[in-house]
Amino acid sequence: MVSRGSPSEITNTQAQRFHSPKKNQEDQVMPPNKTIHVTLDVNHKKNQKMKHVLTHSENGSLYTALNTLQAVRKEIETHQGQEILVHGAEGIEGCINLGMPLTSFPERCHVVITFYKSKSKQKENNQVFGRHVKASTDCVKFYIHAIGIGKYKRKIVKCGKLHKKGYKLCVYAFKGETIKDALCKDGRFRSFLENDDWKLIENHDSILENTQLVDELEGKLFQVEVDNRMGPSEAGPQNPESEKRNSCVLREQIMSQYPRFKRESEKIRENFKKKMKGKNGKTAFELDRINFGKVTKNSYSVKVLKVLAHLSDSVGHLFWDGATAGCATCFVFKGLFILTCQHVINLIVGKKIEPSKGADIIGQCVRVTFHYEEPQEKEMNCFSVEPWYEIYSEELDYVVLKLKENGQQVPMELYNEIAPVPLSGLIHIIGHPNGEKKQTDACVVIPQDQRAEECQERVKAKEAASPEYVHMYTQRSFQKIVANRDVITYDTEFFFGASGSPVFDAKGSLVAMHAAGFAYKYQNETCSIIEFGSTMESILYDIKLRYKPWYEEVFVSHQDVEMISVEDL
């Protein structure tokens, strides 16, 4: 359908025409050329999604070949600081490694180029380019599902853009290499594949151990099944000196992000100096050291920080402006469905309104953005919400809402990250406290058998420090949470606006949803005795029990997702 002079196919051969070598003996040893079609899925007005015809030596890499196209070089320059993704459209599938030699591409296959903004400040070049090209035709390509399977459902790819249901990666390797070599050298998979136990699953019925050769894998599609949870290799840096340096950098970042910490630390330091000048300075110092010193270690590795940064993409700022105005936090639960607190809906529509009328109000005035990380991004790239209000629980304080499709990419769903709550130790909350930009707070879990004692001791301490606080809370005030196995209790400074924030354990698994706390005012600041959130296992169990048809339609119908059963819970 291309007429003479039609611009629908643009070639890179014109520049090569004047440099064609003479047909002599040297030509006979030159590697043959390969022709592929390339579409730039950016700047649609300019490019109009036309195919560029690209001809290059088949021993060269895809990236080298793409750089011979002036249009591609211009777009790379225009999108500086962004990652380039190449997806197969015809003749080849999946997200393609830019280092793959053209010899592995079918003749006149079609690929599409897009760009995306990486959250990481440092680009992971090996993630894009992967490997060096070998002057060999013994190249094998196969495909890997971007989402792994298995009991622990660990994320296997580095790039959050690729961690989506239905996405697959086109992996290449050379004959004689093992499956493990192929994935580890590819550069787009996470580093734990180098040390942990995993295997490939084909058609849900065949197992290939990662020590097997890639020689017979051409064109086949696999899933990665990981046999264990996050190991020490992912928990933090191996080098103690490196960890110290990273901690210093992290401390400076936190101080710049939370100026209040810096001001308070300076006040405490100044107070210590004054007391040390007195007669009883040493005694006073020892007392203050006990009162202000950490009882529980709450530092965590930079590796965990990176995991949380990735998970934070799925956390949204939910706000409304109708008869009332306000804000809360939510997160992507499954597909277009998001999760937040039921008491947030009560604030929006009122407590006693019929669900059908409440749904209309929700559809009219609620919006969600996942990009609010700086003040100017507060209402950028917003989703509206469907007039749908059917899945909720007053007792567990949760509600499921549904985003309206608007052409934007919905962030990664967190359903696959659900795990049991830790009995103790650190947890991390990500949300929008007081309607501010997205933040994270590391908190210490208060074990269930210590809740009553902790609440009682804290009430006494607050009464001693603040006379106006007396009788605000009694022991009976905390009965709702003391023996409640459906909640997890902890200490946090996330108050208003943070309801609906996801709570993660130290390994990045989703364990609860932040709901409420016992707050009071002290010296014009909001403080709290204890905070709590409903566990994700309890929420999921309640949904399966009370809303079984919806649960089966949304969750069970997806065959490639391993579900948590009632017995497991």
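Residues numbered from 1 in each chain as written. Predicted model: local features only at pLDDT ≥ 70, side-chain atom pairs only at ≥ 80, totals over all residues. Heavy atoms only, no water.

- An unreviewed UniProt entry lists the chain under the name Protein FAM111A, with Saguinus oedipus as the source organism.

**A short note on the overall build of the chain**
Here is step 1: Check the secondary structure of the chain and you find 17 helices and 24 strands.
Here is step 2: Sequence-distant contacts in the chain: of pairs separated by 6 or more residues, those separated by 24 or more amount to 69%.
Here is step 3: When the accessible surface of the chain is totalled, it reaches about 30,500 Å², and 50% of it is carbon and sulfur. (Helix = DSSP H or I, 4+ residues; strand = E, 2+ residues; numbered from the N terminus. Contact = heavy atoms within 4.5 Å. Areas by Shrake-Rupley, 256 points an atom, 1.4 Å probe, with all protein chains shown as cover.)

**With respect to the side chain of Thr39**
Here is step 1: On the secondary structure map, Thr39 appears in strand β2 (residues 33–40).
Here is step 2: On the basis of relative accessibility, which here comes to 6%, the residue Thr39 falls in the buried class.
Here is step 3: At a separation of 2.7 Å, a polar atom in the side chain of Thr39 contacts the side chain of His110.
Here is step 4: Ignoring sequence-local partners within four residues, the contact set of Thr39 consists of Lys49, Met50, Lys51, His110, Val111, Val112 and Ile113. (Buried < 20%, exposed > 50% of the residue type's maximum accessible area, 1.4 Å probe, protein only. Polar contact = N/O pair within 3.5 Å; in protein donor to acceptor, adjacent residues only side chain to side chain.)

**Looking at the environment of Ala328**
Here is step 1: Locating Ala328 in the fold gives a position in strand β13 (residues 325–334).
Here is step 2: C-alpha of Ala328 to C-alpha of His432: the two residues are 104 residues apart in sequence and 7.0 Å apart in space.
Here is step 3: Once residues within four sequence positions are removed from consideration, Ala328 is found in contact with Gly316, His317, Leu318, Trp320, Thr340, Val344, Gly497 and Ser499.

**Considering the environment of Ile156**
Here is step 1: Positionally, Ile156 belongs in the loop between β7 (139–145) and β8 (168–174).
Here is step 2: Once the C-alpha coordinates of Ile156 and Ser191 are considered, the two residues, 35 residues apart in sequence, prove to be 8.6 Å apart.
Here is step 3: Apart from the residues within four sequence positions on either side, Ile156 is in contact with Ile144, His145, Ala146, Ile147, Gly148, Arg188, Phe189, Arg190, Phe192, Val224 and Val226.

**Remarks on the packing of aromatic side chains**
Here a ring pair, both rings aromatic, is described through the centre-centre distance and the interplanar angle of the planes.
Here is step 1: Inspection of every chain in the model, using the stated rule, returns 12 aromatic pairs.
Here is step 2: Summarising the aromatic geometry, the rings of Phe142 and Phe222 are spaced 6.2 Å apart at their centres and angled 80° between planes, so their arrangement reads as edge-to-face. Linking Phe142 in strand β7 with Phe222 in strand β11 (residues 221–226), this pair joins segments that are 80 residues apart in sequence. Here Phe142 matches Phe222 in class, with each residue buried. (Phe/Tyr/Trp six-rings, centres within 6.5 Å; stacked < 30°, edge-to-face > 60°.)

**Quick look at the sheet that holds strand β18 (residues 398–402)**
Here is step 1: On the basis of which strands lie adjacent, the open sheet formed by 7 strands has the order β16-β15-β12-β13-β14-β18-β17 and antiparallel pairing. Each edge of the open sheet is held by one strand with a lone partner, namely β16 (383–384) and β17 (391–393).
Here is step 2: Note that strand β12 (residues 315–321) and β13 share 7 bridges and pair antiparallel. Across the sheet, the residue bridging to Gly316 is Cys330, located in β13.
Here is step 3: Taken strand by strand, helix α17 (residues 548–556) contacts β13, β14 (337–340), β17 and β18, and its axis lies near 60° from that of β13. (Pairing = 2+ DSSP bridges. Axes fitted to C-alpha atoms, helices over the stretch in contact; angles between N-to-C directions.)

**Let's talk about the pattern of salt bridges**
Here is step 1: The full count for this structure, using the stated rule, is 10 salt bridges.
Here is step 2: Lys185 is paired through a salt bridge with Glu177; the nearest N and O atoms lie 3.3 Å apart. (Salt bridge = Lys/Arg side-chain N within 4 Å of Asp/Glu carboxyl O.)

**Some words on unusual backbone geometry**
Here is step 1: Not every positive phi belongs to a glycine, and Arg108 is a case in point at roughly 60°.
Here is step 2: By secondary structure assignment, the location of Arg108 is in the loop between β5 (95–96) and β6 (110–116).
Here is step 3: Since its relative accessible area comes to 48%, Arg108 is described here as partly exposed.
Here is step 4: Here the phi dihedral of Asn381 falls at roughly 50°; this positive angle occurs in a residue that is not glycine.
Here is step 5: Relative to the assigned elements, Asn381 resides in the loop between β15 (366–369) and β16.
Here is step 6: With a relative accessible area of 37%, Asn381 lands in the partly exposed category.

**Some words on the environment of Pro32**
Here is step 1: Relative to the elements of secondary structure, Pro32 occurs in the loop between α1 (14–17) and β2.
Here is step 2: Since its relative accessible area comes to 48%, Pro32 is described here as partly exposed.
Here is step 3: Those residues in contact with Pro32 that lie beyond four places of it in its chain are His56, Ser57 and Glu58.

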